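Report on the structure
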Amino acid sequence: MPALEEPLKKTLGGSTAKVLAEHLDLHTVGDLLHHYPRRYAERGELTRLADLPLDEHVTVVAQVSDARVHKFNAGRGQRLEVTLTDGSGRLQLVFFGRSIYHHQKELVPGRRGMFAGKVGTFRNVRQLSHPAYEMLGEDSGAGAVEAWANQLIPLYPACSRMESWKISKAVDAVLASMEAGGWALVRDPLPERLREGRGLLPLPEAFRKVHRPRTKADIADARSRLKWDEAFVLQVALARRRHADSQLPAVPRKPAPGGLLDAFDAKLPFTLTEGQRTVSAEIFDDLATEHPMHRLLQGEVGSGKTMVALRAMLAVVDAGGQAAMLAPTEVLAQQHHRSITEMMGDLAEGGMLGGAEQGTKVVLLTGSMGTAARRQALLDLVTGDAGIVVGTHALIEDKVQFHDLGLVVVDEQHRFGVEQRDALRSKGAQPPHLLVMTATPIPRTVAMTVFGDLETSVLDQLPAGRSPIATHVVPAKDKPHFLARAWERVREEVASGHQAYVVCPRIGDEEDEGARAKTAAKAKAEAGTGAEGDGERRPPLAVVEVAEQLSTGPLAGLRVEVLHGRMQPDAKDDVMRRFAAGEVDVLVATTVIEVGVNVPNATAMVIMDADRFGVSQLHQLRGRVGRGSAPGLCLLVSEAHEASPARARLGAVAATLDGFELSRIDLEQRREGDVLGQAQSGVRSSLRMLAVIDDEEIIAAAREEAAAVVAADPDLAALPDLRTALDALLDHERAEYLDKG
């Protein structure tokens, strides 16, 4: 068995191996050696306590400045309070029970130690309750002190059952066993030519130096080598997929001169922006090839993505094929269908009385359609009478068949799973071309574009006439008068003849207790959202309850209506129609208004519990205001603690209107998810050392090297160690995901 595949229990014993497996998903020697230190503390260094994130498990190196026993409950109870300091801030440790005198003997003012626990607050003071700790270096002669002071302490990603220093001891044991002959069995995935050409360390030396560095230069050398491992093996996986894709056949779709696209362009009442023309040319070039297009169209809300997508669909119809647009909600599917038919006019009435000669049918397909309308739409698709279909998940059902599907356009791609996109693409006789659109890519999409797996087109020009949107964070818990002022601003906008949205994370009409419990559990599990360390988080605010409170309170007298996904389609349409017509002042809604809803007179938006939404969602929601000539206002209401990551996220959204910049911030905070799998957040990241944003140069260089290797040897027959590393990376699920694309 290769040394890195050795089970940990052989080296560490059953109980330690069990905790590492169950709590940190570390099962083999290789897993532990790839569990790299998060950072390194210098013995003399004091961690900045002022920067500790709330509700996260941390390890700090700090100095005891004070330790006192306090009595409470009329003298029957005792607690030990220990203050740590570093000059930037203070952190309190608290211990209860009989063990406090043992801790008091250890935690003497002036001593340094490593302390691990979950950061909470009590009376606005950051606190670790009953932390695990290990004191550092007793004075035992000048030489020993100097050696101790200059040593680098690795701090590992840890958990409550396995503190950083226990992981460090496990690593010591594994390194000792590897020195006894294990390194000779380690397979190096980097081809020797590449490693020597770029001056990278051999793999065993990189492991030694990353875990037990003598100097900061050791860390830099080790990280450089280990980043190359990750970047190169991933890029080989993606290069092999691109090579396989290039062997797939697709029908070239070239627009016919004098056809539907030319007729549409001739009718446009405005000129396309330079960006729209450039991006369209890129897409038309891809559509004309004999291999499937794989392109991401990223553009700000209102930058004209739908226009670009429609021209691509018309080009495919001109070439004898059909195009399908997949939207995440019925509201958005209906909106797209309406705007496409309005833009096309009589060109969308092919075969109908009064329709243009070179026109086609544009049909809508959603789950709530009546039987007759649905049957007609299915018939139009299978016969080819409908060149364009706009629909929801209903498009994916087995009974939906196409005459000749040539292009799939996916709107808001982060709202769909890979299987759903794949199911729609499988409806083509040959793989259809794929265009995915988004305003703010999720972190995984940004990572995929950095890795070069999605060709990207960016629309960065906002159309003329779009107004600026001012965004502010409203700290409802710390400053309740700010929230009162927010409702005054809504009243002022309405008094000026405008309208407003209020967005809540939950519906709250007749949700069962199980759903509520699930929501509460999820909220409790979220890290860094600013809940008090010693209390449970309240459930998210609900549309129905908030609408009632506003109608009878701060917005009394205004016309307030609700909109959410559980309403009947007719009722939803009625509310949206009346809101668009100006008959409703304030719409209290869930994220059903996130995309596609276009009411230029709506100028204000208040997002309740804004910290419960992701960065891309907040950006999308904000894009609903400022769509007319009047400036927009977006207020992000949150009870999150000022120092929490959640508040930092909201601050980032307030600071910029640039969607791509926000997605990069989101990527830095949430990480990129599993670049080769389905996880879309950082919990299952396949990247342990690489940071997608910081290491773009390494990733690009690795892509070039990988492309050259795969072009020369697609099966990697001459590189068995690389093949082994690839097999380890691509478990069954990820391999299947790659095959689907």
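Residues numbered from 1 in each chain as written. Predicted model: local features only at pLDDT ≥ 70, side-chain atom pairs only at ≥ 80, totals over all residues. Heavy atoms only, no water.

**Thoughts on the nonpolar core**
General note: in soluble globular proteins, nonpolar side chains tend to be found buried as a group. Grouped together as the largest cluster of nonpolar side chains are 40 residues, with contacts concentrated most on M313, M344, I388 and L407. By residue number, the principal contributor to this core is helix α12 (residues 305-318), which donates ten residues. Among the nonpolar cores identified, the runner-up in size contains 35 residues, and L8, L32, L152 and M689 belong to it. (Core = buried A, V, L, I, M, F, W, Y, C linked by side-chain atoms within 4.5 Å. Buried < 20%, exposed > 50% of the residue type's maximum accessible area, 1.4 Å probe, protein only. Helix = DSSP H or I, 4+ residues; strand = E, 2+ residues; numbered from the N terminus.)

**Details of unusual backbone geometry**
A positive phi is found at H130, a non-glycine position, where the angle reads about 50°. Looking at where H130 falls in the secondary structure, it is placed in the loop between β6 (125-129) and β7 (132-135). According to the relative accessible area criterion, H130 is partly exposed, its value standing at 40%. Non-glycine residue L716 carries a positive phi angle of around 55°. Position of L716 relative to the elements: it lies in the loop between α24 (696-712) and α25 (720-729).

**Digging into the confidence of the model for the protein**
In this model, the protein carries an average pLDDT of 80, and 81% of its residues clear a pLDDT of 70 or more. Element-level pLDDT for the protein is lowest in helix α26 (residues 732-740), with a mean of 43, against a maximum mean of 95 in strand β17 (residues 499-503). Residue range residues 519-536 is modelled with pLDDT below 50. Its contacts to residues more than four positions away, or to other chains, number 33 contacts. Low pLDDT, under 50, characterises residues 732-741; the stretch is placed with 27 contacts to residues that sit more than four places away or in other chains. (pLDDT = per-residue confidence, 0-100. Contact = heavy atoms within 4.5 Å.)

**Considering α25**
Because an α-helix completes one turn every 3.6 residues, residues spaced three or four positions apart along the sequence face the same direction. When α25 is considered as a whole, its buried residues turn out to be L722, L726 and L729. Take α25 and look down its axis: the buried residues cluster within an arc of 60°, on one side only. Exposed residues on α25 whose side chains face more than 90 degrees from its buried face are P720 and A728. (Arc of directions from axis to C-beta.)

**Some remarks on the packing of helix α9 (residues 216-247) against α25**
Angle between the axes and distance between the axes: these two values describe a pair of packed helices. In contact at an axis separation of 10 Å, α9 and α25 are set at 85° when each is read in the N-to-C sense. Considering their axes alone, α9 and α25 lie roughly perpendicular with respect to each other. Of the residues in α25, those touching α9 at F232, V233, L234, V236, A237 and R240 are L722, R723, A725, L726 and L729. (Axes fitted to C-alpha atoms, helices over the stretch in contact; angles between N-to-C directions. Parallel < 35°, antiparallel > 145°, perpendicular 65-115°, else oblique.)

**A few points about the sheet that holds strand β21 (residues 632-638)**
Sheet architecture is open: six strands sit in the order β16-β21-β20-β17-β19-β18, paired in parallel fashion. A single partner strand is all that each edge strand has here, and the edge strands are β16 (469-475) and β18 (560-563). Taken over all neighbouring pairs, the strand axes of this sheet differ in orientation by 20° on average, direction set aside. Sheet strands in contact with helix α19 (residues 543-552) are β17, β18 and β19 (586-589), and its direction is about 150° off that of β19. Contacting β17, β18, β19 and β20 (602-607), helix α20 (residues 569-580) runs over the sheet at an angle of about 135° to β18. (Pairing = 2+ DSSP bridges.)

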